[in-house]
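For reference, the chains in residue letters:
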Amino acid sequence: MAHYLVIVESPAKVKTIKKFLGSSYTVAASQGHVRDLPKSQLGIDIEHDYEPKYITIRGKGEILASLRKEVKKSDRVYLATDPDREGEAISWHLAAALKLDEKKMRRITFNEITKNAVKASLKAPRDIDMNLVDAQQARRVLDRMVGYMISPILWTKVKRGLSAGRVQSVALRLVADREDEINAFIPEEYWTLDAVLKVKGERRPLTAKFYGTENKKITIHTKEELDQILKAVENAEFKITDIKKSERIRRAPLPFTTSTLQQEASKALNFGTQKTMRIAQQLYEGVDIKGNGTVGVITYLRTDSTRISEEADASAREYIGSVYGKEYVAEGGASKNTGKKIQDAHEAIRPTDITRTPAALKESLTRDQFRLYQLIWKRFVASRMQPARYETISVKIGADQYCFTVSTAKVAFDGFRCVYTEADEEKEESNVLVGNLSPDSVLTREEFDPKQHYTQPPAHYTEATLVKTLEEQGIGRPSTYAPTIAIILGRRYVTKEGKNLYLTEIGEVVNNMMKQSFPSIVDVNFTANMEGLLDMVEEGKVEWKEVIRNFYPDLEEAVKKAEKELETVKIEDEVTDVICEECGRNMVIKYGPHGKFLACPGFPECRNTKPYLEKIGVPCPVCGKDVVIRKTKKGRKYYGCENNPECEFMSWQKPSKEKCPECGGYMVEKGNRLVCANKECGYVTALKRDSKEE
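Just so it is clear, the structure is predicted and the values come from calculations on it, not from any experiment. (Residues numbered from 1 in each chain as written. Predicted model: local features only at pLDDT ≥ 70, side-chain atom pairs only at ≥ 80, totals over all residues. Heavy atoms only, no water.)

## Quick notes on the overall build of the protein
At step 1: Looking only at helices and strands, one finds 17 helices and 30 strands in the protein.
At step 2: Seen along its three principal axes, the alpha-carbon backbone of the protein occupies a region of about 100 × 85 × 45 Å.
At step 3: Across the 694 residues that make up the protein, the buried fraction comes to 49%.
At step 4: Considering only intrachain contacts with a sequence separation of at least 6, the fraction spanning at least 24 residues in the protein is 66%.
At step 5: Here the protein has roughly 34,600 Å² of accessible surface; of this, 48% comes from carbon and sulfur atoms.
At step 6: Each charge sign in the protein was given a centre, from 110 positive and 102 negative side chains, and these centres are 5 Å apart. (Helix = DSSP H or I, 4+ residues; strand = E, 2+ residues; numbered from the N terminus. Buried < 20%, exposed > 50% of the residue type's maximum accessible area, 1.4 Å probe, protein only. Contact = heavy atoms within 4.5 Å. Areas by Shrake-Rupley, 256 points an atom, 1.4 Å probe, with all protein chains shown as cover. Lys, Arg positive; Asp, Glu negative; His and termini not counted. Charge placed at Lys NZ, Arg CZ, Asp CG, Glu CD.)

## Concerning the sheet that holds strand β8 (residues 105–107)
At step 1: Read from one edge to the other, the open sheet built from four strands follows the order β2-β1-β7-β8, with strand pairing classed as parallel. Each having just a single partner strand, β2 (25–29) and β8 make up the two edges of the open sheet. Each neighbouring strand pair of the sheet contributes to a mean axis angle of 25°, computed without reference to strand direction.
At step 2: Examined bridge by bridge, strand β1 (residues 4–8) and β2 share five bridges and lie parallel to one another. Among the inter-strand pairings, V6 is bridged to a residue of β2, identified as V27.
At step 3: In the packing of helix α1 (residues 11–18) onto the sheet, contacts are made with β1 and β2, and the angle to β2 comes to roughly 165°. (Pairing = 2+ DSSP bridges. Axes fitted to C-alpha atoms, helices over the stretch in contact; angles between N-to-C directions.)

## Structural notes on the pattern of salt bridges
Side-chain pairing between opposite charges can occur once the charged atoms of the two side chains come close.
At step 1: By the definition in use, this model includes 38 salt bridges.
At step 2: Taking the shortest distance from any N to any O, the salt bridge between D313 and R384 comes out at 2.7 Å. In this pair, D313 sits in helix α10 (residues 310–323) while R384 sits in the loop between α12 (367–383) and β14 (388–399), placing the two residues 71 residues apart along the sequence. Like R384, D313 is buried.
At step 3: Put simply, E539 and K541 hold a salt bridge, and the shortest N to O gap is 2.9 Å.
At step 4: A residue is classified by how much of its surface remains accessible, and K541, at 59% relative accessible area, is exposed.
At step 5: Each of D49, E543, E546 and R549 takes part in salt bridges that share partners, so that together they form one network. (Salt bridge = Lys/Arg side-chain N within 4 Å of Asp/Glu carboxyl O.)

## Quick look at the packing of helix α6 (residues 168–184) against helix α14 (residues 481–490)
At step 1: The N-to-C vectors of α6 and α14 enclose an angle of 70°; their axes lie 9 Å apart at closest approach. The orientation of α6 with respect to α14, classified from their angle, is roughly perpendicular. Viewed along their axes, α6 and α14 form a crossing whose handedness is right-handed. Contacts between α6 and α14 involve Q168, A171 and L172 on the former and, on the latter, T484, I487 and I488.
At step 2: Residues belonging to the contact of α6 with α14 are distributed by class as follows: four nonpolar, two polar and no charged. (Parallel < 35°, antiparallel > 145°, perpendicular 65-115°, else oblique. Left-handed = near helix turned anticlockwise from the far one by under 90°. Nonpolar A, V, L, I, M, F, W, Y, C, P; charged D, E, K, R; others polar.)

## As for α6
At step 1: An ideal rise of 1.5 Å per residue puts 24 Å on 17 residues; α6 measures up with 24 Å between its terminal C-alpha atoms.
At step 2: What α6 keeps buried is the set Q168, S169, V170, A171, L172, L174, V175, A176, R178, E179 and I182. (Expected span 1.5 Å × (residues − 1).)

## A word on the packing of helix α8 (residues 258–269) against helix α9 (residues 273–285)
At step 1: Here α8 crosses α9 at 115°, and the two axes come no closer than 9 Å. When the axes of α8 and α9 are compared, the crossing they make is right-handed. In this structure, α8 uses T258, L261, Q262 and A265 to contact α9, whose residues at the interface are T273, T276, M277 and A280.
At step 2: Residues of the contact of α8 with α9, tallied by class, amount to four nonpolar, four polar and no charged.

## Comments concerning unusual backbone geometry
At step 1: Note that the residue after F603, namely P604, is joined by a cis bond; omega there is 10°.
At step 2: If you trace the backbone, P604 turns up in the loop between β21 (595–599) and β22 (609–611).
At step 3: The residue after N644, namely P645, is reached through a cis peptide bond having omega 10°.
At step 4: With respect to the secondary-structure elements, P645 resides in the loop between β25 (637–641) and β26 (650–651).
At step 5: The phi torsion at D49 lies on the positive side, around 55°, for a residue other than glycine.
At step 6: Along the chain, D49 falls in the loop between β4 (44–45) and β5 (51–52).
At step 7: Exposure remark for D49: the relative accessible area of 31% places this residue in the partly exposed category.
At step 8: A positive phi angle is found at N270, which is not glycine, with a value near 65°.
At step 9: Considering the arrangement of structural elements, one finds N270 in the loop between α8 and α9.
At step 10: Here N270 falls in the exposed class, since its relative accessible area comes to 54%.

## Looking at the confidence of the model for the protein
At step 1: Residues at a pLDDT of 70 or more form 94% of the protein, whose mean pLDDT is 90.
At step 2: At the level of individual helices and strands, the protein shows its lowest average pLDDT in β21, which scores 79, and its highest in α12, which scores 98. (pLDDT = per-residue confidence, 0-100.)

## A short note on the pairing of strand β7 (residues 76–79)
A regular strand places its side chains on the two faces of the sheet in alternate fashion.
At step 1: Note that β1 and β7 share four bridges and pair parallel. Of the residues in β7, the one forming a bridge with I7 is L79.
At step 2: As paired elements, β7 and β8 share three bridges and run parallel to each other. Bridge pairing in β8 places Y78 opposite R106.
At step 3: As a crossover connection, the stretch from β7 through helix α3 (residues 85–97) into β8 is right-handed. (Right-handed = clockwise from strand over helix to strand, strands pointing away.)

## Digging into the pairing of strand β18 (residues 500–503)
At step 1: Two elements, strand β17 (residues 494–497) and β18, share four bridges in a ladder whose sense is antiparallel. The residue bridging T495 from the neighbouring strand is Y502, located in β18.
At step 2: Hairpin remark: β17 followed by β18, antiparallel, with two residues in the connecting loop; positive phi at G498, about 65°.

Written as structure tokens, this is what we have:
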């Protein structure tokens, strides 16, 4: 009787797939990659057309030995690694490492780990797709070149094991550029004005917002402008000038891609990108469901497609019709294509069986698995439902030459919203009273409610918004978003406080060096074009070595130039006047994982270290002692008094020696301007940089 071997990537899948196949099948796991470039060297033969030198990964010898035994016993070997570039490459490496006979070996893929999908894949085996493999090889070689050629330069320059990366350095730059925007931002004052009106015959008052004139919106910038408007409307008659009724629709969301799942899980569940991917992987590979054994409950998690298979679409519509009613089923196919290259024509992320409701699985899942599954299930069901419809009423109220507005929206048909609402969805205004207004309603002003506001700087990146930006700019692919963010956090280039990402001192040093010496590597467009080329390799339109041949000479030239130029600015141990209390030597400034610190030059005999408080040459505005650069526990930089905790002065922006000529308060640097720290004062002047400064 014939015997077959199915090789998958992870041991978790072995358990799930084993129960779908008969006794003539053995299922084994490669546990990820089995071959890779060596860690100890570049591993690319530059002289011989950039040929990669692959070796068996340390620790994988035993796995390969046991797989070889199984191969010998088998009449056919099915390589069933993940259905993407990385999975295709793992299959190719397995074929090479196990010396598989081409006649005996077939490649199969499935988008979900269900009995039907696995059985169907065995009926449609194929050859290994070398275009996919080559796209992965090109990415691996490019990443290795950038990492292994630039990192040692950073290391000699900053004196610790830093690293550069083709995608991570661009992600770091995005965070750094946003920080610069925030630091340079100067808030501008504006005012809002509400009129609280009594409607004759109604008990509750009505609050109308100032709009401008009948035809033009006006922003109130200053107290003077506000007073002028108040003077004009103080004794004015408030009359309804227009009532407009209309209908608005909110379309159902598309099912999740990797990127949108990471964004929504961050907003709705407060999951980091790594956590979202880890839990989604568990749901995809299989969970133990009471009465059913191990089952994969969602489809493949690395995809940038919103396409849904015809079968899944039909079963979703049938389910919605029977549970919610025919009127809730969306018309026609609701899927949308972005026109972008879709990774391997995958489907979107969806439940493998729509009748497996979150409530039915609750007992079988951990709390986090349940919350993520519920999010995926609800989003998928919503994507196949009718839009929500609202009846809106907008009312314009005239006062002198000015106009105030009030509006409300009432749900006419909840559509998909009976199942799903997005985390950051704005609350609908429900001003019940508006529905009772008519052109004849008599209004009396009770009071005005003016409020002062200031414009806000751009928001710091969160993991969700960084993923969104990486995707919009075409940097990286679904599989790379989470690892990229994990690297810049792990290297402490970026720190996370609450949900926000902040640049650390060491991140600032690395980013500035990359911008100075390797501008193309950290250029957003260059990196996005490179992704485009990798897609063309995958489509068979470009030969993968061609991408490397065009890339390497420019990188080599930039590295040689950087080696020469950066030698002249190599950071030496800066000697300070701080005396080591243990041995009497003058302590020196060194760089560590958290930035600068003081160390005794007598290492290893004397191991004394202490925090380094860098003075900025500005007296503390509160007590007059020196202002120093400090860091939060997570590594975010701020300015504080050296006399802390006795003096509690702190500022996120760098304080200046100059006093504000208007109010006498202290000033801070914002980009190329000096701004009074007192918001109420708002004095701004150009920043004159000292010629000695860098």
